[in-house]
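Architecture at a glance
Spelled out, the chains give:
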Amino acid sequence: MANDTNRFQAIISHCKEYGFIFPSSEIYDGLQAVYDYGQMGAELKKNIKDYWWKSMTQLSDENIVGIDAAIFMHPTTWKASGHVDNFNDPMIDNKDSKKRYRVDHLIEGFAEEQSATGNEQLAKDTLTAMDALIAKDDFAGLKKLIEDNKIKCAISGTCNWTDIRQFNLMFSTEFGNTVSSDGEDNKIYLRPETAQGIFVNFLNVQKTGRMKIPFGIAQIGKAFRNEIVARQFVFRMREFEQMEMQFFIRPGTQKEWYEKWKSTRLDWHKSLGMPADKYKFHNHVKLAHYADAACDIEFEFPIGFKELEGIHSRTDFDLKQHQEYSKKKMQYFDNDVDPETGKPFGNYIPYVIETSIGLDRMFLAVMSQAYTEEDLSTEEKKDERVVLKFPAKLAPIKMAVLPLTKKDGLPEIAEKIIADCKSQFRCFYEEKDSIGKRYRRMDALGTPFCVTVDHQSKEDNTVTIRHRDSMEQERIPIDKLKEIVLNAIA
Ligand code: ATP
C-alpha cells in the first residue's frame, strides 16, 4: 500500500482522470483553492446532498424543515453575527518569501514533522502550548513558540517572521451599480457560512410553518472564505458548500440536545457504512464567540484526522444579536407548562444546537474511503485494478449495461433494460472495448453493478450481473435486475 501522501496524490489524480474533480478554469492554469466538479463528481456530490437532506428532514425523528436562502445578505447580518469583527485567523508572514501562514497550521505542520521523525513528545508539548496560547489570544507567546522551535518557512527556509496579525476571512464585493465615495455603503459580503440565512428566517419559518419548539431548519448552500492556507485539494477551498442544520430549543436543554446531536450525526456517517474507527470527536479548546460547547467530528483522511463536521451549542447568541441589530423581536411563545412553576414557559429567545458539515469534505471522506488499489495478480499474470467502493446509494452510476457485441440484437436488449430502469436510477451504456476493459472502467468509476448482455440473453432472457467489490458474477433473469439494484440503493 502506498504511503498516505502518495495515496492522497493518487486520489487527486484519479478524481481528475475519471471526471470527478477538475481545477477551476484549468485552461487558464486554474484558480487556487477553487475546484469544479465534473460529470461523475457532480453526481456523487448530489447523491451525498440528497442523502443528508432526506435524513435530516423527511426521515428525521425531529421536526426539521429545509430552506434555501440567498448568498447575498444585508450587510448588517455580518455585523450582528460578529463576523465583521471576529471572523479572523491569526496570520504570520515570512519576510523573505512574503508567504503568509495561518499560525495554527504552521505550528501543526511543525508538530507533524516532529512526530513523523520520532519526536512524539516535542510534537505533543508544542501542540499543548499552542492550544493554551490560542485560547488566551496570546500572539506574542505564539510568535515566541514559533521562534523558540525555530519553525521555518517552507519556501525561504528562514525564521524571519513578522508579528502575528488578525486577518478577516470574508470576501466582499459591491452591490448595485453605484459606488459611494468611501466605497463602504454598497459593500456586501459573500456569506462565510449558511447559518445566518437560517437565523434571519427563524421567525418567517416558525410562524408560516406553525413550528413548535424543538424544531430545526436545514439548508445546503455555498459559502466563501478567503482561506490563507488554501491547499489539500477540496478539503480547504475558498468557495465550498455546507450542509447545516440549526435546531431551536428551550434554554436550559442545550446540554442534552448537544449530546443527542453528537450521536445522531455520528450515526449518520456510520449509516453509510463508513468505518467507526475512522471517526473521532475533538472538543474545542477555544470556543467561538457564540458557543457554550463545541466539538468537531474528525475523519481520518489520507492527510490525517481532520475536521469533517462541527457540532456547536450556539446559545441564543445569534438570535439575540439579530434582535438587537434589527430591532425585531426574535422571541417564541412556549405554551407548554413548566412542571416546576405550573405555568407556561412563556416568551423566550430559543437556544440553538448547530450541526454543520462541509459537503466537499464529505465528498473527500467518501472518496478516500472508497479508493482502493487491488493486486489481482495470479501465478500466470500480473494484474491490478483501482476500484471505488462507494456505498451503492452514493455511486454516480448504479448500473452499467454492456452488450457483449455491437450486433446480433444485443445492443437493443441492453437499451431496453436501460429504458426500463433509467427513471429510477442512473444507468450507463457502453459497447466499446472488451468486456474486461469495460468492467475495469466501471470499477474506476465506482459502479456497483455491471450487466452483460450476451447471446444467451436472446434465448432465455437472462443476463450476467457482476458485483463490483467481490467481482462475482451471476446469471439472473432480466426482470430481476431492477429489484436487485433498487434493494442495494435503498
Ligand atoms: P477549519 O477549522 O478546518 O477551518 P472551521 O472550524 O472554520 O473549519 P466551521 O466554521 O465549523 O469550520 O464550518 C463547518 C464545516 O464547513 C466544517 O466542518 C467543514 O467541513 C466545512 N468547511 C469549513 N471551511 C471550509 C473550507 N474552506 N473548505 C471546505 N470546507 C470547509
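Residues numbered from 1 in each chain as written. Predicted model: local features only at pLDDT ≥ 70, side-chain atom pairs only at ≥ 80, totals over all residues. Heavy atoms only, no water.

A word on the overall build of the protein chain. A tally of helices and strands in the protein chain yields 16 helices and 23 strands. Its C-alpha atoms put the protein chain at 75 × 65 × 50 Å along the principal axes. Expressed as a percentage of its 490 residues, the buried residues of the protein chain come to 50%. Carbon and sulfur atoms provide 49% of the accessible area of the protein chain, an area that totals close to 24,100 Å². The average position of the 68 basic charges and that of the 77 acidic charges among the side chains of the protein chain differ by 2 Å. (Helix = DSSP H or I, 4+ residues; strand = E, 2+ residues; numbered from the N terminus. Buried < 20%, exposed > 50% of the residue type's maximum accessible area, 1.4 Å probe, protein only. Areas by Shrake-Rupley, 256 points an atom, 1.4 Å probe, with all protein chains shown as cover. Lys, Arg positive; Asp, Glu negative; His and termini not counted. Charge placed at Lys NZ, Arg CZ, Asp CG, Glu CD.)

All right, on to helix α16 (residues 481–489) then. Regarding α16, the residues found buried are Leu481, Val485 and Ile489. End-on view of α16: buried residues confined to an arc of 50 degrees, all on one side of the axis. The secondary structure elements touched by the buried residues of α16 are β19 (399–403), α13 (410–421), β21 (449–453), β22 (462–467) and β23 (473–477). (Arc of directions from axis to C-beta. Contact = heavy atoms within 4.5 Å.)

This brings us to the side chain of Thr372. One can find Thr372 in strand β17 (residues 371–375). For Thr372, a relative accessible area of 19% gives the class buried. Separated by 2.8 Å, the side chain of Thr372 and the backbone oxygen of Ala370 make a polar contact. With near-sequence residues (within four places) excluded, Thr372 lies in contact with Arg385, Val386, Val387 and Lys389. (Polar contact = N/O pair within 3.5 Å; in protein donor to acceptor, adjacent residues only side chain to side chain.)

A word on the site of the ligand. Within the structure, the ligand sits among 17 residues, and Glu227, Arg236, Met237, Glu307 and Leu308 are positioned closest to it. Between a nitrogen atom of the ligand and a side-chain N or O atom of Glu227, the distance comes to 2.8 Å. Leu308 is positioned such that a nitrogen or oxygen atom in its backbone is 2.8 Å from an oxygen atom of the ligand. Surface burial for the ligand is 87%, taken as the share of its 590 Å² of free accessible area covered by protein chains. Of all the secondary-structure elements, those providing two or more residues to the shell around the ligand are β10 (239–249), β13 (304–315) and β16 (351–358). In terms of residues, the shell around the ligand owes the most to one element, β13, which gives five residues. (Near = heavy atom within 4 Å.)

Here we take up the nonpolar core. Of all hydrophobic cores here, the largest spans 66 residues; its most connected members are Phe20, Leu44, Ile48, Trp52, Trp261, Met367 and Phe390. Each of domain 1 (5–72 + 190–368) and domain 3 (397–489) contributes no fewer than three residues to this core. Excluding its chain neighbours within four sequence positions, the residues that come into contact with Met367 are Ile11, Cys15, Phe20, Leu44, Leu388 and Phe390. Within the second largest apolar cluster, 21 residues are counted, among which are Leu410, Ile465, Leu481 and Ile489. (Core = buried A, V, L, I, M, F, W, Y, C linked by side-chain atoms within 4.5 Å. Domains from an automatic or database assignment.)

Domain parsing of the protein chain yields domain 1 (5–72 + 190–368), domain 2 (91–168) and domain 3 (397–489). Computed over C-alpha atoms only, the centres of domain 1 and domain 2 are separated by 29 Å. In this assembly, nine residues from domain 1 lie in contact with 11 residues from domain 2. In total, about 820 Å² of surface goes out of reach between domain 1 and domain 2, with carbon and sulfur atoms giving 59% of it. Taking the shortest distance from any N to any O, the salt bridge between Glu227 and Arg102 comes out at 3.8 Å. In this structure, the connection of domain 1 to domain 2 is made through zero residue pairs in polar contact (both at pLDDT 80 or more). Among the residues forming the side of domain 1 that touches domain 2, the class breakdown is three nonpolar, one polar and five charged. (Buried area = accessible area lost by both parts, 1.4 Å probe. Salt bridge = Lys/Arg side-chain N within 4 Å of Asp/Glu carboxyl O. Nonpolar A, V, L, I, M, F, W, Y, C, P; charged D, E, K, R; others polar.)

Attention shifts here to the packing of aromatic side chains. Describing an aromatic ring pair means giving the distance of the ring centres and the angle of the ring planes. Considering all chains together, one arrives at 17 aromatic pairs under this definition. Centre to centre, the rings of Tyr51 and Trp268 are 5.6 Å apart; their planes meet at 35 degrees, and the pair counts as tilted. Note that Tyr51 is positioned in helix α2 (residues 39–56) and Trp268 in helix α10 (residues 254–270), a separation of 217 residues in sequence. Their ring planes at 5 degrees and their centres at 6.0 Å tell us that Phe202 and Phe215 sit as a pair that is stacked. Of the two residues, Phe202 is situated in helix α9 (residues 202–208) and Phe215 in strand β9 (residues 215–224); the sequence distance between them amounts to 13 residues. Phe215 carries the same exposure label as Phe202, and that label is buried. Taken together, the ring pairs connect Phe199, Phe202, Phe215 and Phe248 into an aromatic cluster. (Phe/Tyr/Trp six-rings, centres within 6.5 Å; stacked < 30°, edge-to-face > 60°.)

What follows is about the pattern of salt bridges. Throughout the structure, instances matching the rule amount to 34 salt bridges. A salt bridge links Arg440 to Asp383; its shortest N-O distance comes to 3.2 Å. Of the two residues, Arg440 is situated in helix α14 (residues 435–445) and Asp383 in the loop between β17 and β18 (384–388); the sequence distance between them amounts to 57 residues. Across the salt bridge formed by Asp469 and Arg468, the nearest N and O atoms sit 2.6 Å from each other. Given a relative accessible area of 5%, Arg468 falls into the buried group. When salt bridges with common partners are traced through the structure, they connect Asp89, Arg102, Asp104, Glu227 and Arg236 into a single cluster.

Mapped onto the fold, Asp318 is located in helix α11 (residues 317–326). Reaching out from Asp318, the side chain makes a polar contact with the side chain of Gln196 at a distance of 3.0 Å. Discounting chain neighbours no more than four positions away, the residues touching Asp318 are Gln196, Phe199 and Tyr290.

In contact at an axis separation of 7 Å, helix α5 (residues 103–116) and helix α6 (residues 120–135) are set at 165 degrees when each is read in the N-to-C sense. Classified by the angle their axes make, α5 and α6 are roughly antiparallel. Considering the relative orientation of α5 and α6, their crossing is left-handed. Facing Asp104, Ile107, Glu108, Phe110, Ala111, Gln114 and Ser115 of α5, the residues of α6 in contact are Glu120, Leu122, Ala123, Thr126, Leu127, Met130 and Ile134. A class-by-class count of the residues in the contact of α5 with α6 yields eight nonpolar, three polar and three charged. (Axes fitted to C-alpha atoms, helices over the stretch in contact; angles between N-to-C directions. Parallel < 35°, antiparallel > 145°, perpendicular 65-115°, else oblique. Left-handed = near helix turned anticlockwise from the far one by under 90°.)

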